[in-house]
Amino acid sequence: MNKFIDFLNEKIMPIASKLGSNRYLTVLRDAFMLSFPLTMFGSIIVVINNLPFFSKNTQGTLSQLFGNGQNATMSIMTVFVTFGIGYYLSKSYDVEAIFGGAISFASFLLLTPFTATTDKGVEVSGVLSLDRLGAKGMFVGMLAAFVAAEIYCRITKKGWQIKMPDGVPPAVAKSFAAMIPAIITLSVFLIVNAIMTGIFNTNLNDVIYEVIQKPLTGLGASLPATLIALFFVQLLWFFGLHGQIIVNSVMDPIWNTLMLDNLDAYKAGKHLPHIITKPFMETFTVGLGGSGMTLAVVLIMVFMLKSKQYRDIGRLALAPGIFNVNEPVIFGLPIVLNASIFIPWIITPLIVTSLNYAVMAMGLVPTPTGVSVPWTVPVFASGMLATNSIWGGVLQLVDVIVVGLLWFPFMKSLDKQAIMTAE
């Protein structure tokens, strides 16, 4: 076991460290966090509008009155992500960030067709369909934002700017300085769109959706891909690296897109197409005590172990663990580089996630609706909010029991060693 861990530490961890500090993954993570408060607001509105004890008429009335709370936030998530990518990437290059955000968002719109199809199948021009600002436009938005921000920053760095005299107000001077980079960048995207529509009679938005986004989201929605992602989260944490941040930087675009697909279906009263979504990952993995589902481990330490060492650690970790903050366990138990608990730390989330997927696939517990639930919401409450059903909370309690059963023999062994050492 020690040789295996040494091998991973020597070969895998340098790669993971580089990924964790990668400029583009960091920008993507920050861009999604920019939309977080807005998606939370939209999620609250969706939950209120669809409370299960309301009648269908009441739900319809609430959706009519307050539906824009979701339309203006979660449904146009790509707007915030594209702006955030442009802003944070420009900031990383020490270039005026606000213009980078605006140019990236405008570049995305230049690739987006201003047409919509009515319920009767009639195509209307001059209208921007809401789904193109949400799930359907997510990947083209991210690609456009990164490319646009790169062009803008490189042109700015070359000094291709209109420089105003010192007496000009700063806001005016910055606007003129961004003019040439903005015109060049937007011209590139306008030409690309003209080529796609004029020569190929299509648009880049639909091409990327069909060629890249649908296959990637299909892969990300599968259980095997999810288990691989979870494996690396656990492995990275074992070596002291924040696995959640590193892996989520790659997977969040996929999981968030799946979340928006489910939300659109839920609002329309249709079958939810995906089990694996961002709320599934937050609620039924992290939502069980933090990365590695350690709430059960904390409860074992507090109530079932005899050594003072582990009981004290458990008491210190209990309050944060209830709100899914588990650094006290990861570094206090410790879990980091502790070969004695490598096996339960790695396999437990894989087993529990597979169980949750199977239960939802069989229809025993509802699939998460697409409502985004903060990862700090305690067990049971977060499960109910994510699925709009008490059974989501019940499944979380079952998960905690399963985690406890898998961890208990290993924790009991550690407890005996600690008692013998103390004697």
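Rules of the game
- Residues numbered from 1 in each chain as written.
- Predicted model: local features only at pLDDT ≥ 70, side-chain atom pairs only at ≥ 80, totals over all residues.
- Heavy atoms only, no water.
- Helix = DSSP H or I, 4+ residues; strand = E, 2+ residues; numbered from the N terminus.
- Contact = heavy atoms within 4.5 Å.
- Core = buried A, V, L, I, M, F, W, Y, C linked by side-chain atoms within 4.5 Å.
- Buried < 20%, exposed > 50% of the residue type's maximum accessible area, 1.4 Å probe, protein only.
- Expected span 1.5 Å × (residues − 1).
- Phe/Tyr/Trp six-rings, centres within 6.5 Å; stacked < 30°, edge-to-face > 60°.
- Lys NZ or Arg CZ within 6 Å of the ring centre and 35° of its normal.

**With respect to the side chain of Thr369**
Mapped onto the elements of the fold, Thr369 is located in the loop between α17 (342–361) and α18 (381–387). Each residue touching Thr369, except ones within four places of it in the same chain, is listed here: Asn262, Leu263, Tyr266, Leu272, Ala386, Thr387 and Asn388.

**Re the nonpolar core**
A general tendency of soluble globular proteins is for nonpolar side chains to be buried together. Of all hydrophobic cores here, the largest spans 103 residues; its most connected members are Ile85, Met301, Trp407 and Met411. With residues near it in sequence (within four places) discarded, Met301 still touches Tyr310, Arg311, Ile313, Gly314, Val329, Leu333 and Met411.

**Description of helix α8 (residues 138–157)**
Here α8 is 20 residues long and its end C-alpha atoms lie 28 Å apart, about the 28 Å a rise of 1.5 Å per residue gives. Burial within α8 is extensive, with 15 of its 20 residues counted as buried. Positive phi appears at Gly159, one or two residues downstream of α8, with a value of about 85°.

**Considerations on the packing of aromatic side chains**
If you walk through the whole model with that rule in mind, you get 8 aromatic pairs. A ring pair is formed by Tyr87 and Tyr88, whose centres lie 5.2 Å apart and whose planes are at 85°; its orientation type is edge-to-face. Look at Tyr87 and you get partly exposed, because its relative accessible area is 25%. Overall, the relative accessible area of 24% leaves Tyr88 in the partly exposed class. Aromatic side chains Phe238 and Phe342 sit 4.8 Å apart centroid to centroid with 75° between the ring planes, which places their arrangement in the edge-to-face category. One end of the pair, Phe238, is in helix α11 (residues 223–238); the other, Phe342, is in helix α17, and 104 residues separate them in sequence. Here the two residues Phe238 and Phe342 agree in accessibility, since each one is buried. Of the aromatic side chains, those joined through ring pairs into one cluster are Phe83, Tyr87 and Tyr88. A cation over an aromatic ring shows up here: Arg23 above the ring of Tyr93, its NZ or CZ 4.1 Å from the ring centre. Lys136 extends its terminal NZ or CZ atom over the ring of Tyr209, reaching a point 5.3 Å from the ring centre.

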